[in-house]
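Report on the structure
Letter by letter, the chains look like this.
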Amino acid sequence: MSLLDQIGEPRDLRDLSDEQLAQLAEQIRERVIEAVAVNGGHLGPNLGVVELTMAIHRVFDSPRDKVVFDTGHQSYVHKMLTGRAGDFGRLRTKGGLAGYPQQSESEHDLVENSHASTSLSYADGLAKAYALRGEDRHVVAVIGDGALTGGMAWEALNNIAADDTRRLVVVVNDNGRSYTPTVGGLAQHLASLRTHPRYEKVLAQIKRSLVRGGTVGTLTYDALHAGKTGLKDALAPQGMFEDLGLKYVGPIDGHDRGAVEQALTQARQFGGPVLVHVVTVKGHGYDFAVGDERDQMHQAKAFDPLTGSALVAPGPDWTSVFSDELVRIGHERDDVVAITAAMLHPTGLGDFAQVFPERCFDVGIAEQHAVTSAAGLAMGGMHPVVAIYATFLNRAFDQVLLDVALHRCGVTFVLDRAGVTGDDGPSHNGMWDMSIMGLVPGLRLAAPRDGVRLRELLREAVAVEDAPTVVRFPKGELFDEILAVDRVGQADVIVRDGAADVLVVAVGSMVATCVDVAAKLIAEGFGVTVVDPRWVQPVDPAVVELAGSYSHVVSVEDNGRAGGVGSALAQALRDAGIDAPVAVHAIPQRFLGHDKRSAICEEIGLTADAIAQDTLRRLA
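Keep in mind that what you see is a predicted model, and the values were worked out from it rather than measured. (Residues numbered from 1 in each chain as written. Predicted model: local features only at pLDDT ≥ 70, side-chain atom pairs only at ≥ 80, totals over all residues. Heavy atoms only, no water.)

Let's shift gears to the overall build of the protein chain. Looking only at helices and strands, the protein chain has 25 helices and 18 strands in total. Expressed as a percentage of the 620 residues in the protein chain, the buried residues total 58%. Pairs at least 24 apart in sequence give 76% of the contacts found in the protein chain among residues at least 6 apart. (Helix = DSSP H or I, 4+ residues; strand = E, 2+ residues; numbered from the N terminus. Buried < 20%, exposed > 50% of the residue type's maximum accessible area, 1.4 Å probe, protein only. Contact = heavy atoms within 4.5 Å.)

For the structure on display, the rule yields 42 salt bridges. Arg 166 serves as the salt-bridge partner of Asp 124, at 2.8 Å between the closest nitrogen and oxygen. You can see Asp 124 sitting in helix H5 (residues 119-132) and its partner Arg 166 sitting in the loop between helix H6 (151-160) and strand S3 (168-174), a full 42 residues away along the chain. Close ionic contact of Arg 472 with Asp 558 constitutes a salt bridge, the shortest N to O distance being 2.8 Å. Remark: Asp 558 occurs in strand S17 (residues 552-560) and Arg 472 occurs in strand S11 (residues 469-472); sequence separation between them is 86 residues. With respect to burial, Arg 472 and Asp 558 carry one shared label: buried. Counted as one network, the salt bridges with shared partners bring together Arg 449, Asp 450, Arg 453, Glu 481, Arg 487, Asp 492 and Asp 532. (Salt bridge = Lys/Arg side-chain N within 4 Å of Asp/Glu carboxyl O.)

Checked against the element boundaries, His 108 lands in the loop between helix H4 (76-84) and H5. Residue classification places His 108 among the buried positions, given a relative accessible area of 9%. Residues in contact with His 108, not counting those within four places in the same chain, are Pro 10, Ser 62, Pro 63, His 78, Thr 82 and Arg 84.

This part covers the nonpolar core. Ranked by size, the top nonpolar core spans 52 residues in total, and within it Leu 24, Ile 28, Leu 43, Leu 264, Val 276 and Phe 303 carry the most contacts. Residue contributions to this core peak at nine residues, all from helix H1 (residues 18-39). Discounting residues that sit within four places of it in the chain, Leu 43 has contacts with Val 32, Ile 33, Val 36, Tyr 286, Met 297, His 298, Ala 300 and Phe 303. Membership of the second largest hydrophobic core comes to 34 residues, among which are Ala 370, Val 386, Met 434 and Val 440. (Core = buried A, V, L, I, M, F, W, Y, C linked by side-chain atoms within 4.5 Å.)

Right, let's talk about the environment of Asp 398 for a bit. Among the structural elements, Asp 398 can be located in helix H18 (residues 397-405). Remark: the alpha-carbon pair of Asp 398 and Val 371, spanning 27 residues in sequence, is separated by 9.5 Å.

What follows concerns the packing of helix H3 (residues 50-59) against H4. In contact at an axis separation of 9 Å, H3 and H4 are set at 45 degrees when each is read in the N-to-C sense. For the element pair H3 / H4, the angle class is oblique. The element H3 and its partner H4 pack so that their crossing is right-handed. Counting all contacts with H3, which are made through Val 50, Thr 53, Met 54 and His 57, the residues of H4 involved are Val 77, His 78, Leu 81 and Thr 82. In terms of residue class, the contact of H3 with H4 is made up of four nonpolar, four polar and no charged. (Axes fitted to C-alpha atoms, helices over the stretch in contact; angles between N-to-C directions. Parallel < 35°, antiparallel > 145°, perpendicular 65-115°, else oblique. Left-handed = near helix turned anticlockwise from the far one by under 90°. Nonpolar A, V, L, I, M, F, W, Y, C, P; charged D, E, K, R; others polar.)

What follows concerns the pairing of strand S5 (residues 274-279). In regular strands, side chains alternate between the two faces of the sheet. Of all six residues in S5, six are buried, a share of seventy percent or more. Inspection of the sheet shows S3 paired to S5 by six bridges, in the parallel sense. Across the sheet, Val 172 pairs through a bridge with His 277, a residue of S5. Bridge analysis of strand S4 (residues 247-253) against S5 gives five bridges, and the strand direction is parallel. The residue bridging Tyr 248 from the neighbouring strand is Leu 275, located in S5. For the crossover that starts at S4, traverses helix H12 (residues 257-270) and ends in the parallel S5, the hand is right-handed. (Pairing = 2+ DSSP bridges. Right-handed = clockwise from strand over helix to strand, strands pointing away.)

Moving on to the confidence of the model for the protein chain. This prediction gives the protein chain a mean pLDDT of 88; 90% of its residues lie at or above 70. Scored below 50 in pLDDT, residues 226-237 makes 35 contacts in the model with residues more than four places away or belonging to other chains. (pLDDT = per-residue confidence, 0-100.)

Within the secondary structure, Asp 540 is located in the loop between strand S16 (535-537) and helix H22 (541-547). We classify Asp 540 as buried; its relative accessible area is 10%. Distance from Asp 540 to Ala 491, taken between C-alpha atoms, is 7.7 Å for residues 49 residues apart in sequence.

All right, on to empty space enclosed by the protein then. If you roll a probe as big as a water molecule over the atoms, it shows you where there is empty space left. Per the counting criterion, the structure on display carries five cavities of 30 Å³ or more. Size it by volume and the second largest cavity reaches roughly 50 Å³. Around the second largest cavity, the lining residues are Val 505, Pro 533, Val 536, Val 539, Asp 540, Val 543, Val 565 and Leu 569. Classifying every residue of the lining of the second largest cavity by side-chain character gives seven nonpolar, no polar and one charged. (1 Å grid on protein atoms, 1.4 Å probe; cavity = no way out; pocket = protein on both sides within 12 Å on 5 of 7 lines; lining within 4 Å. Points joined across faces, edges and corners; volume = space filled by probe spheres on them.)

Of note, Glu 325 is situated in helix H14 (residues 318-332). The exposure class assigned to Glu 325 is buried, which follows from its relative accessible area of 4%. A polar atom in the side chain of Glu 325 sits 2.6 Å from the side chain of Arg 455. Excluding residues that lie within four positions of it along the chain, Glu 325 makes contacts with Arg 455, Leu 458 and Arg 459. (Polar contact = N/O pair within 3.5 Å; in protein donor to acceptor, adjacent residues only side chain to side chain.)

Let us now look at unusual backbone geometry. Here Ser 62 and Pro 63 are connected by a cis peptide whose omega angle stands at 10 degrees. Mapped onto the fold, Pro 63 is located in the loop between H3 and strand S1 (66-69). A cis amide bond, omega -10 degrees, links Gln 537 with the succeeding residue Pro 538. With respect to the element layout, Pro 538 can be found in the loop between S16 and H22. In the Ramachandran plot, Arg 92 falls in the positive-phi region, its phi being about 65 degrees despite a non-glycine side chain. Inspection of the secondary structure puts Arg 92 in the loop between H4 and H5. The backbone of Arg 534 sits at a positive phi, close to 65 degrees, despite the residue not being glycine. By the secondary structure assignment, Arg 534 is in the loop between strand S15 (528-532) and S16. Of the residues examined, Arg 534 reaches a relative accessible area of 2% and is grouped as buried.

Following this line, the structure appears as structure tokens:
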């Protein structure tokens, strides 16, 4: 049995020798690479925190002391050290380990939300609760430099610093990146701490001299290195954190486990809030990850561990079509600009940034700022395209509503990963956007059914200058082009066969499924028409009028049932005095576990068989 498989809980680490700990770190990296090579997942971030996570679990007493990982994608090592190494081959598979912390897996997991910049607020609340209950417990929040660009993190720091008695340790895992290099003034400040040449050179010289003096010399060095007014204050510009009222320790080499343990021990003994600045290398220990210039294998698909190359060459997907079309539009219109919240390549803006660097803005993990900045750009005569994952737009609803829509700003939101996303679990599914955006006066939302319609609807969206527009599309490979046989209002008629028995209103990526539904109903002798509204919000009056001719209406969408397109359609029919029953097929209002998209759709009834069978029952 390997040393890793003998670790049943964090306290097992404390009896290991330095040699054994080095061996354990190597085995952890091998296990991470093996699992992600098969199942995909976050490779680079986890390889970069092996020694850091080991140090945390050797110094603190989990689960009594709580460890909160910001975003949680870098928690693989934590899972292994808390008794789950043997299950790691089933990472991100149904019934296997989730790719993020999950309370149902272990008492060592607490926060499951995988949206960034929240860990410090959780930690602040936990520390307050333990203080009020008189419990002597520490809270450790691990947050990356990328997540520190989010406003919530600074709101939390402002409150954490207000009470110097809370047993709270903030560990800044500074690898200079979120997906790609971290941007903004904070990134520059951390870089100045990380690379200050005078600090590094002088401190190294003094360490060598003092350590030669034995125990007294070593203690003197520790005092200088960790003291508030010690050597580093004179040499390195870390004052921003201490000006907030936080004790600062660092920067520490995050791959020197002993040094990290020493820093964390000092932080634990201090008794109040402490920020420990740890510098790591994303992908450390795996050359293919470190050498990946794009994102250091941040989130890898299945790959060959011997070469680092993907097992399947990526084909054209929704994101690449959007990327290509936006560059074309950029050549035609010099007023079109792009904004991303620290996800330049995942959202398809990498090519636009390369061609038009002065017209592409990465604002860091700051969705609220991104949206209001877009409003300002629109007021200044530009047309911003804000590219963002559908689930992350939830964070900026107030800004969409009152900063963009209220002022009738021409801003286009492009929502990638809309609908069921699958492997990454509940907080990554884009199942809320159509419900939320449907509340915004004047906003128009489009859902393309294929790549041709994505190009078409993106151009229509950026042509709107007096209201916000949204274009949403799913994760993954494109569907084949689905041709229309007719047009009603703004809607495409996809299938028209037989009598006016059933009208199927198919939204975006569900059109292909609904074509199969139509075939099954037609085979049973029913007349069916399938329409793709294209612009699904607000409801097209032509679709409402068409529905009045049918005895039964079926709505199909990959959004939550509550407040989605089907709900709006049913309301519009009632308002028009049309009494045809409407069957709404959508995502149930619950948090979906991690699995493949197809398996989740099967589970929740968003398949052609399930929808056709339900429709036949209703017709009967």
